[in-house]
Amino acid sequence: MQIGSAAQSVAVGWELYDRTGQALSLGLQGLVQAVPMLLFTLPAGYLADAFDRRKLIVAGLLGITATSLCLFALSETRGSVALIYAVLFLDSTAQRIAWPARTALLPLLVPTELFESAIKWRTALTHASAMLGPALGGFLVAWRPSVAYAFSAAGSSMFALMLLTMRIPHATRIQSGRVLAQIGEGLRFVAENKLLLSSISLDLFAVLLGGADYLLPIYARDILNLKAVGLDPQQALGWLRAAPAAGAACVSLALAHLPPMRRAGASMLWAVAGFGVATLVFGLSRNFWLSLVMLAVSGGLDNVSIVVRQTLVQLAAPNEMRGRVSAVNALFIGSSNQLGGFESGLVAHFFGPVASVVSGGIGTLCIVAAWTGFFPSLRRFGTFSEAARQTP
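A closer look at the nonpolar core
Grouped together as the largest cluster of nonpolar side chains are 41 residues, with contacts concentrated most on L71, L88, I218, Y219, L240, F282 and F288. Residue contributions to this core peak at seven residues, all from helix α1 (residues 2-20). In terms of nonpolar packing, the next biggest core, distinct from the first, is built from 39 residues, M268, A317, F375 and L378 among them.

What about the pattern of salt bridges?
A side chain of one charge can pair with a side chain of the opposite charge if their charged atoms are brought near each other. Here the structure, examined in full by the defined rule, presents three salt bridges. Across the pair R221 and D18 runs a salt bridge whose closest N-O atoms are separated by 3.7 Å. Taken together, the residues R221 in helix α9 (residues 216-223) and D18 in helix α1 connect sequence positions 203 residues apart. The exposure class assigned to R221 is partly exposed, which follows from its relative accessible area of 35%. Each of D18, R221 and D222 takes part in one network of salt bridges that share partners.

So, the packing of aromatic side chains
Going through the model one piece at a time under the given rule, you end up with five aromatic pairs. Aromatic side chains F288 and W289 sit 5.2 Å apart centroid to centroid with 75° between the ring planes, which places their arrangement in the edge-to-face category. Grouped by ring-pair contacts, the aromatic residues F205, W371, F374 and F375 constitute a single cluster.

What to know about helix α7 (residues 179-192)
The end-to-end C-alpha distance of α7 is 20 Å, a good match for the 20 Å that 14 residues give at a rise of 1.5 Å each. Taken together, the buried positions of α7 are occupied by Q182, I183, G184, G186, F189 and V190.

Digging into the packing of α9 against helix α10 (residues 233-256)
Close contact between α9 and α10 brings their axes to 9 Å; oriented N to C, the two are set at 140°. It follows that α9 is oblique to α10 by the angle criterion. Once α9 is placed against α10, the crossing between them reads as right-handed. Contacts between α9 and α10 pair L216, P217, A220 and R221 from the former with P233, A236, L237, L240 and R241 from the latter.

Quick notes on the rules
- Residues numbered from 1 in each chain as written.
- Predicted model: local features only at pLDDT ≥ 70, side-chain atom pairs only at ≥ 80, totals over all residues.
- Heavy atoms only, no water.
- Core = buried A, V, L, I, M, F, W, Y, C linked by side-chain atoms within 4.5 Å.
- Buried < 20%, exposed > 50% of the residue type's maximum accessible area, 1.4 Å probe, protein only.
- Helix = DSSP H or I, 4+ residues; strand = E, 2+ residues; numbered from the N terminus.
- Salt bridge = Lys/Arg side-chain N within 4 Å of Asp/Glu carboxyl O.
- Phe/Tyr/Trp six-rings, centres within 6.5 Å; stacked < 30°, edge-to-face > 60°.
- Expected span 1.5 Å × (residues − 1).
- Axes fitted to C-alpha atoms, helices over the stretch in contact; angles between N-to-C directions.
- Parallel < 35°, antiparallel > 145°, perpendicular 65-115°, else oblique.
- Left-handed = near helix turned anticlockwise from the far one by under 90°.
- Contact = heavy atoms within 4.5 Å.

Structure (structure tokens):
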């Protein structure tokens, strides 16, 4: 499924920029996908704690399949750009329904002592998919963009069928009814846990400022020197989109074979700082290979941050709270990805894509420096077993 989603993302970005020729169109893509995250993520976290998580995931997957098929039809018929944005809004809504339930399901399937390792392997597979998906998407776009949407629909529907065959242990659920109060409990839990709050918010601002993903179609078509490497812009876009996932997959595999982290907080801070530096260098580069390497480095360092945050989010919360805590995490991180895309496109529209990416890298470094001083608990945080022992 994730390979198809990544291929679809490449196709959507390329079609929007190719048909409008405006950087702002890529920013608007991020905005319409961010709005459902802001509206529906917290209610979805409540649903994940109150109802059958498997059914919620399947419902979301069916919605994702339907939106991919709609994008296929719009691509084949050259439907309006406004309709593409509308479908992206619905696609993001379906993903929000499923995401907290998907995240909260894993601790039921894996023993606590193996959970850090499971997160490492899951992120390795996720990033391997994100590496193959954009590369495949680039070739599919060069052939026919609509094929990428059909491929994505096939992947999400197969995932739904597979999930229906799994045996999932019974989990304690909260009593439904007090929706707003129970959503508020999840927000308070994160706000009162300074370690959780600092790790989630650090990732939020780093991704909000430092991401360059939404501007890659501009770099592939207008900025990088592709004559020296003999690539078409569509193929170059596929490689550029795959590079962060390639770096993340390599780091994930390395982490999976290493002992548990002993200084997880400091590792996260250094990783986010390195992500900012790599983003800055990418923004200034005109050389395709240097740009590719910087994207791979940024993806690898971002993966260290992801492992720390995702492991901490699940181990620091009791089972009946995990859906809502996962929703808070998804709201922060997911919306920052999409709002970061809007911010990048908006700055690129007024000041140019290079200024957008470079200023984002500098902003990320400033955030790391501030969080190092504001949250000493994150700087001092050691092993994940500490978080697990403190869980009610």
